[in-house]
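Letter by letter, the chains look like this.
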Amino acid sequence: MKRILVPTDFSNNAYGALFYVTRLFQDQECKFYILNTFDVDTSVLTSRINTTKGDLLYQELSNESQEKLTETLHSIVRDTEDFKHTFETISVSKKLTDTINKTIKSKNIDLVVMGTKGASGVKEVLIGSNTVKAIKNIKDCAILAVPDEFDFKKPTEIAFATDFKCLYSIESLKPLLEIVTVFSSNIRVMHIHEEEKLDEIQEHNLKSLKENFKDYNYCIHWIPRFTQKAKLINEFIDDMNIDMLCMSQYKHSLIESITHEPVIKKIGFHTPIPFLVIPE
């Protein structure tokens, strides 16, 4: 059984991400954990004078979290009544990323799914502040970021953007290959190259990747770098009618280089399609 964690802030985007992933795995047996974290001001809780006030605030926020989780649960159960899916809600007064990491371990989570825009609707650099924090700080689990108001479409064309600087094992590629298998997807390996030739490490990693993809439909696209990487990736998504983008997160990875490009601060890297981040 696949075990999927979906954090929610009760925004439409968060529900959209939950709805999308139930469609993505509609033919599989899945257990979904719907998580809401709420933050109580520590100064209120620790001050002796405000202890009662802090307790009341905690209870109020906890009740609100539980009520909204129940509403979300009823909605998604209604929307997935024909699927082999079960759901459990989790409400905690702790930091989101810490809670996600602990839940990954305690519930043996296979995939974390998040919306790319929070309840505030503020467009942050990359795809949303909470999602960015999760991508940067969650190392042991794949993350799927789903854009706001994205209607479900079978991911038959998947772009796998890589610089060939990381050695991908079959285990690390599992979250991608599971989706590829279900939808008979084409994998379009996208390499933005800055040098004419790959170095020895890149050549070795490319050979390994080809071996891992040998039983799947894949092709490799060599893209010369003549502008910012984020722009090239978005153009590739448009030109190839890509349904899902996949990248690996590791030290000095392509994701890191994209988020550090100065242009990102101006245009943002708002992927118009679901974005799967796999751990190293």
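What comes next concerns the included structure.

Here is what the cut-offs are and how they apply
- Residues numbered from 1 in each chain as written.
- Predicted model: local features only at pLDDT ≥ 70, side-chain atom pairs only at ≥ 80, totals over all residues.
- Heavy atoms only, no water.
- Salt bridge = Lys/Arg side-chain N within 4 Å of Asp/Glu carboxyl O.
- Helix = DSSP H or I, 4+ residues; strand = E, 2+ residues; numbered from the N terminus.
- Core = buried A, V, L, I, M, F, W, Y, C linked by side-chain atoms within 4.5 Å.
- Buried < 20%, exposed > 50% of the residue type's maximum accessible area, 1.4 Å probe, protein only.
- Contact = heavy atoms within 4.5 Å.
- Expected span 1.5 Å × (residues − 1).
- Bend = angle between axes of the 7 residues up to and from the residue.
- 1 Å grid on protein atoms, 1.4 Å probe; cavity = no way out; pocket = protein on both sides within 12 Å on 5 of 7 lines; lining within 4 Å.
- Points joined across faces, edges and corners; volume = space filled by probe spheres on them.
- Nonpolar A, V, L, I, M, F, W, Y, C, P; charged D, E, K, R; others polar.
- Pairing = 2+ DSSP bridges.
- Right-handed = clockwise from strand over helix to strand, strands pointing away.
- Phe/Tyr/Trp six-rings, centres within 6.5 Å; stacked < 30°, edge-to-face > 60°.

### Here's the deal with the pattern of salt bridges
For the structure on display, the rule yields 10 salt bridges. Among the charged side chains, a salt-bridge network with shared partners connects Lys-31, Glu-88 and Lys-107.

### Re the environment of Leu-57
Mapped onto the fold, Leu-57 is located in helix H3 (residues 51-79). Separated by 17 residues in sequence, Leu-57 and Val-40 place their C-alpha atoms 7.3 Å apart.

### Focus: the nonpolar core
Formed by 40 residues in total, the largest nonpolar core has its most connected members in Ile-4, Leu-111, Val-113, Leu-144, Phe-160, Phe-213 and Leu-276. Examining the composition of this core, we find that six residues originate from one element, helix H6 (residues 170-183), more than from any other. Residues within four places of Ile-4 in sequence aside, it is in contact with Val-21, Phe-25, Cys-30, Lys-31, Phe-32, Tyr-33, Ile-109, Leu-111 and Val-113. Within the second largest apolar cluster, 31 residues are counted, among which are Leu-232, Ile-233, Ile-237 and Phe-275.

### Digging into H6
In this model, H6 (14 residues) spans 18 Å end to end at C-alpha, consistent with the 20 Å of a helix rising 1.5 Å per residue. Along H6, the sharpest kink reaches roughly 45°, centred on Leu-176. Within the sequence span of H6, burial applies to Ser-172, Leu-173, Pro-175, Leu-176, Leu-177, Ile-179, Val-180 and Phe-183. Ser-184 sits one or two residues past H6 and shows a positive phi near 50°.

### Some thoughts on unusual backbone geometry
Even without a glycine there, the phi angle at Ser-184 is positive, about 50°. Mapped onto the elements, Ser-184 comes out in the loop between H6 and strand S7 (186-193). Ser-184 gets classed as exposed once you look at its relative accessible area, which sits at 57%. Despite not being glycine, Asn-241 has its phi angle at roughly 50°, a positive value. With respect to the helices and strands, the residue Asn-241 is situated in the loop between helix H8 (229-239) and strand S9 (244-249). You can call Asn-241 exposed: its relative accessible area is 56%.

### Details of the layout of surface pockets
Of the voids in this model, the second largest pocket is the one considered here, and its volume is about 380 Å³. Asp-110, Ala-142, Glu-171, Lys-174 and Pro-175 are, among the 20 residues lining the second largest pocket, the residues nearest its centre. For the lining of the second largest pocket, the elements supplying multiple residues, two or more each, are H6 and strand S10 (275-279). In terms of residue count, the dominant contributor to the lining of the second largest pocket is H6 (six residues). For the lining of the second largest pocket, the per-class residue count stands at 10 nonpolar, two polar and eight charged.

### Quick word on the pairing of S7
Where burial is concerned, most of S7 is hidden: seven out of the eight residues are buried. Judged from the five bridges that link them, strand S6 (residues 157-161) and S7 form a sheet pairing that is parallel. Residue Glu-157 lies in a different strand from S7, and its bridge partner there is Asn-186. Handedness of the crossover joining S7 and strand S8 (residues 218-224) through helix H7 (residues 200-212): right-handed.

### Looking at the environment of Lys-94
On the secondary structure map, Lys-94 appears in the loop between strand S3 (85-92) and helix H4 (96-106). In sequence terms Lys-94 and Val-40 are 54 residues apart; their C-alpha atoms lie 8.4 Å from each other. Sequence-distant contacts of Lys-94, defined by excluding residues within four places in its chain, comprise Thr-37, Phe-38 and Thr-99.

### With respect to the packing of aromatic side chains
On inspection of all chains with the given rule, the structure shows nine aromatic pairs. Ring geometry for Phe-32 versus Phe-87: centroids 5.2 Å apart, planes at 20°, classification stacked. With Phe-32 in strand S2 (residues 30-37) and Phe-87 in strand S3, this pair connects stretches of sequence that are 55 residues apart. For the pair shown, Phe-32 and Phe-87 are each scored as buried. Measuring from centroid to centroid gives 5.9 Å for Phe-160 and Phe-213, while their planes differ by 80°, and the two rings are edge-to-face. Placement of the pair is Phe-160 in strand S6 and Phe-213 in the loop between H7 and S8, with a sequence separation of 53 residues. Just as Phe-160 is buried, Phe-213 falls in that class too. Counting every residue linked through ring pairs, the aromatic cluster contains Tyr-20, Phe-150, Phe-152 and Phe-183.

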